[in-house]
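# Secondary and tertiary structure notes
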Amino acid sequence: MKNVIFFALMGLAFVGAGEFQSWSFSLTILNLCLISAVMALGVNIQWGYAGIFNVGIMGFAALGGAAAVLVNAAPVPEAWAAGGAGILASGVALLAVIGLIVLIRKKLTGGLRRYATIATVIGGYFAVREIYGPAVAAIEAVDPAKTGFLGGLGLPIIFSWAVGGVFAAGGAWVVGKVALGLRSDYLAIATLGISEIIIAVLKNEDWLTRGVKNVSTLEPAVPTAIELQNAPWFQDLAAWFNSDVISASGIFVKLSYAVLFTIVLLAILWLSEKALKSPWGRMMRAIRDNRDAAQAMGKDVTRRHLQTFIIGSAVVGIAGAMLTTMDAQFTPGTYNPLRFTFLIWVMVIVGGSGNNWGSILGGFLIWFVWVEAERFGPLVMELVTSGMADDSALRTNLMDSAAHLRLFLMGAILLIVLRFSPRGLIPEK
Amino acid sequence: MTDILNALALMANYVFVPGLAYGSQLALGALGVTLIYSILRFSNFAHGDTMAFGAMLTILATWWLQSMGISAGPLPTALLALPIGIVGTVLFVLATDRIVFRYYRKVKAASIVTMMASVGVMFVMNGLVRVIIGPGEQRFADGERFIIKAREFKEMTGLAEGISIRTTQAITVIVALIVVALLFWFLQKSRTGKAMRAYADNEDLALLSGINPDKVVLVAWIIAATLATIAGTLYGLDKSFKPFTYFQLLLPIFAAAIVGGIGNPLGAVAGGFIIAFSEMGFTYAYKRFIGYLGPDGWVPEGLMQLLSTDYKFAVSFVILVLVLLVRPTGIFRGKVL
């Protein structure tokens, strides 16, 4: 009953934002809330089910975003002709070097193995670079103002949601293989590092996703506002609702995204609930609550952890692709760990770790507060500084940075929930 | 012969001197992280933002001193302002301990929960810093800019390559040396320092022998906050102050602490320099260096750079992963988490 009230209040908040601010604004928040809820679900699978502390959410979300580019952007044949073969060859060479290292590690022993590995790593690095460098230079020289990258497959962007999940799962497999054997703190630092590296790659490898030049030519998943305004059926529809075509088209686009996102959210929620209630879910919670006992019962803890880490990261990747789809552009420069990693953590903790409904509520609530706090921060500051002279330097300074009050607010919310209600708003059953 | 000297001067100017300064900053940061880890037994995610907070207070104090017309002559005014920044940061950090961390110690919470709480503190401090001083870049170094300019060095030695040493770099290294020496003396010789080491080593035994845990924790926070403020101010003097960069320093600092062996102060210092010199060494373009060493008049094509500077995070990360795989306790045998 309490939970129903929580969600009803959340709904009311959206109606309030719609009535008092604008419906378009309210729907924008709603869409990002839906995406945040999917991300929170992914983190909850890792943290709530298995107790894995992943601080690299930003990286997996960005991999999803990169998938949107690689699936949807139009292919650039000139770039492929210029350097496609070189890139493929360097990929093959890289695989060959890795294979050689694996072979050395398997066949040789002792000091010879160590020196052979080091020599192969160094030699392989320069060999691969020899092929890779010219290919990249050739690709990035192709019409750099417009393309300068290989482009994507030119497929509908909606496919990228699945591809984004696969990319993130692949990334998670690599990270998990290296770091999951370690205990919590090291895993946290390792994931933090890998997410920074993923962002660095996406910012700098221009041949792949144009780097910080951004890809802003993505095809939206739903009809654009302009297309709708010119479509006779939509003009009729708008007339029927007594609304002008331009604002109606904006709302319609956002509503379509909301419907798509809700379908994904519900599907993932349904699967997560199924998994949680299955023997697999019971096993995961047993591992989380007492790792040693579960191991003694014959459960392969490291393997199970890897599995959950991959599944959770894949869900985050899907959400990342959805986000890029809605923006219809990919901007690696905007990924920031506070917003893409730690804010998601606040959502999961506040909502209730281990409970999927809790994560969804947390995703909605925290995103809503995050957006509204940016608007209300200056108002609060106005109140605080109302005693000061209008032109006081301190006041202007405080007013300018008031939007950052929301970081303070998020920290306070996290600390209060952690202290007084560590199980969150909707606790695990 | 001159070619070799020129090559050495080149390396000293672009890798050794900046690496020494950066390594000192990382070492001071890693010492704070390692201290909190060994006494309070959690990884403090708020440490980067504590550095930012301390640096911010020092900058504000610097501006205040400058407005009063006080300066340190050839040295940056920030050195005079540093004590004010330290006191403010210590008070703030002690308040966070009182309000946040003390409770988790009392209920003996899992280290991961305390770590989560430190994320909350991180948000709060980050928000405060941005509200008070703004998210933009601040430069607050004043006084003499250089100890040796590259041109003077060239005239002095007659070499083609110069070494320039900025005042801030020299100050960083000297201050770090003094601070680290004091800290090691304190930990090894003083009564409280010995109590802290005993507490870090075996909490129950330390309690049984009558060591006051509240005092140990209090001193640990005071030292960590002091180190963070000094590290933050030195980094800001050497480069520039920007809240977000301090958050990003968290990764190399943690890497330094873990690589050296977390919980081991000597390891933290060594780790700081290992990370700093590897970052510099891997991202430096060796074109001219090899040009000097190779045959006359020959310069290699390309930059001869192992990694582009944008991947400097990758360097600390790869070293971290390698150490964790080969020697999980770190180089100086810290604790296994």
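No experiment lies behind these values; they were computed from the predicted model shown. (Residues numbered from 1 in each chain as written. Chains lettered and ligands numbered in written order. Predicted model: local features only at pLDDT ≥ 70, side-chain atom pairs only at ≥ 80, totals over all residues.)

Across its full length, chain A holds 18 helices and 0 strands. Expected size for 429 residues packed as a compact globule is a radius of gyration near 22 Å; at 24 Å, chain A falls within 12% of this value. Oriented by its inertia axes, the alpha-carbon framework of chain A measures out at about 75 × 60 × 55 Å. Looking at the 429 residues of chain A, the share that counts as buried comes to 45%. Considering only residue pairs separated by 6 or more positions, chain A has 81% of its internal contacts joining residues 24 or more positions apart. (Helix = DSSP H or I, 4+ residues; strand = E, 2+ residues; numbered from the N terminus. Rg over C-alpha atoms; globule rule 2.2 N^0.38 Å. Buried ≥ 20, exposed ≤ 12 C-beta atoms within 10 Å, placed from the backbone. Contact = placed C-beta atoms within 7 Å.)

Turning next to the overall build of chain B. Secondary structure summary: chain B contains 14 helices and 2 strands in total. Taken against the 2.2 N^0.38 rule, which gives 20 Å for 337 residues, the C-alpha radius of gyration of chain B at 21 Å falls within 12% of a compact globule. With 337 residues in all, chain B has 49% of them scored as buried. For chain B, long-range pairs separated by at least 24 residues make up 75% of all intrachain contacts whose partners lie at least 6 apart in sequence.

Let's shift gears to the environment of B:Ile222. Structurally, B:Ile222 can be placed in helix α9 (residues 213-238). Separated by 129 residues in the primary sequence, B:Ile222 and B:Val93 have C-alpha atoms spaced 7.8 Å apart.

Residues with a pLDDT of 70 or more make up 99% of chain B, whose mean pLDDT is 90. The ipTM, which scores confidence in the relative placement of chains, is 0.91 for this predicted complex, and the corresponding pTM is 0.92. (pLDDT = per-residue confidence, 0-100.)

What follows is about the nonpolar core. With 225 residues, the main nonpolar core has A:Val38, A:Val346 and B:Ala220 as its most contacted residues. With 18 residues, helix α1 (residues 2-40) of chain B is the largest single contributor of residues to this core. With near-sequence residues (within four places) excluded, A:Val38 lies in contact with A:Val264, A:Leu265, A:Ile268, A:Val315, A:Ile318, A:Ala319 and A:Met322. Residues A:Ala82, A:Ile139, A:Val142 and A:Leu150 belong to the second largest nonpolar core, which totals 10 residues. (Core = buried A, V, L, I, M, F, W, Y, C linked by C-beta atoms within 7 Å.)

Contact pair helix α18 (residues 405-420) of chain A / helix α4 (residues 111-133) of chain B: the axes reach a minimum separation of 7 Å and the direction vectors enclose 155°. If you check the angle between α18(A) and α4(B), you find them roughly antiparallel. Where α18(A) crosses over α4(B), the handedness of that crossing is left-handed. Where α18(A) approaches α4(B), its residues A:Leu405, A:Leu407, A:Phe408, A:Met410, A:Gly411, A:Ala412, A:Leu414, A:Leu415 and A:Leu418 are matched on the opposing element by B:Met116, B:Ala117, B:Val119, B:Gly120, B:Val121, B:Phe123, B:Val124, B:Asn126, B:Gly127, B:Leu128, B:Arg130 and B:Val131. Classifying every residue of the contact of α18(A) with α4(B) by side-chain character gives 16 nonpolar, 4 polar and 1 charged. (Axes fitted to C-alpha atoms, helices over the stretch in contact; angles between N-to-C directions. Parallel < 35°, antiparallel > 145°, perpendicular 65-115°, else oblique. Left-handed = near helix turned anticlockwise from the far one by under 90°. Nonpolar A, V, L, I, M, F, W, Y, C, P; charged D, E, K, R; others polar.)

What follows concerns the packing of helix α11 (residues 250-260) of chain B against helix α12 (residues 265-283) of chain B. Residue and element names in this part refer to chain B. Remark: α11 packs on α12, axes separated minimally by 7 Å, with the N-to-C direction vectors making an angle of 125°. By the angle between their axes, α11 is oblique relative to α12. Here the hand of the crossing between α11 and α12 comes out right-handed. Residues Pro252, Ala255, Ala256, Ala257, Val259 and Gly260 of α11 touch α12, and the partners they reach there are Gly267, Ala268, Ala270, Gly271, Gly272, Ile274 and Ile275. Taken together, the residues of the contact of α11 with α12 sort by class into 9 nonpolar, 4 polar and no charged.

Before going further, it helps to spend a moment on unusual backbone geometry. Its identity is not glycine, yet A:Asp143 carries a phi of approximately 45°, on the positive side. Mapped onto the secondary structure, A:Asp143 falls in the loop between α5 (110-140) and α6 (159-179). With 12 C-beta atoms packed within 10 Å, A:Asp143 lands in the exposed category. For B:Arg41, which is not glycine, the phi torsion reads 65° and is therefore positive. Take B:Arg41: it is sitting in the loop between α1 and α2 (47-67). Overall, B:Arg41 belongs to the partly exposed group, with 18 C-beta atoms counted inside 10 Å.

We now examine the environment of B:Thr229. All names here are of chain B. Turning to its location among the elements, Thr229 is positioned in helix α9. A C-alpha to C-alpha distance of 8.8 Å links Thr229 and Val90, two positions 139 residues apart in sequence. Other than its neighbours up to four places away in sequence, Thr229 contacts Gly54, Thr58, Gly85, Ile86 and Thr89.

Many authors give the size of an interface as the accessible area that is lost as the parts come together. With 38 residues of chain A in contact, the opposing surface of chain B contributes 32 residues. Listed by contribution, the elements that provide at least two residues to the side of chain A that touches chain B are α7 (184-204), α15 (337-351), α17 (393-400) and α18 of chain A. The element that contributes the greatest number of residues to the side of chain A that touches chain B is α7(A), accounting for 14 residues. The class makeup of the residues in the side of chain A that touches chain B is 25 nonpolar, 7 polar and 6 charged.

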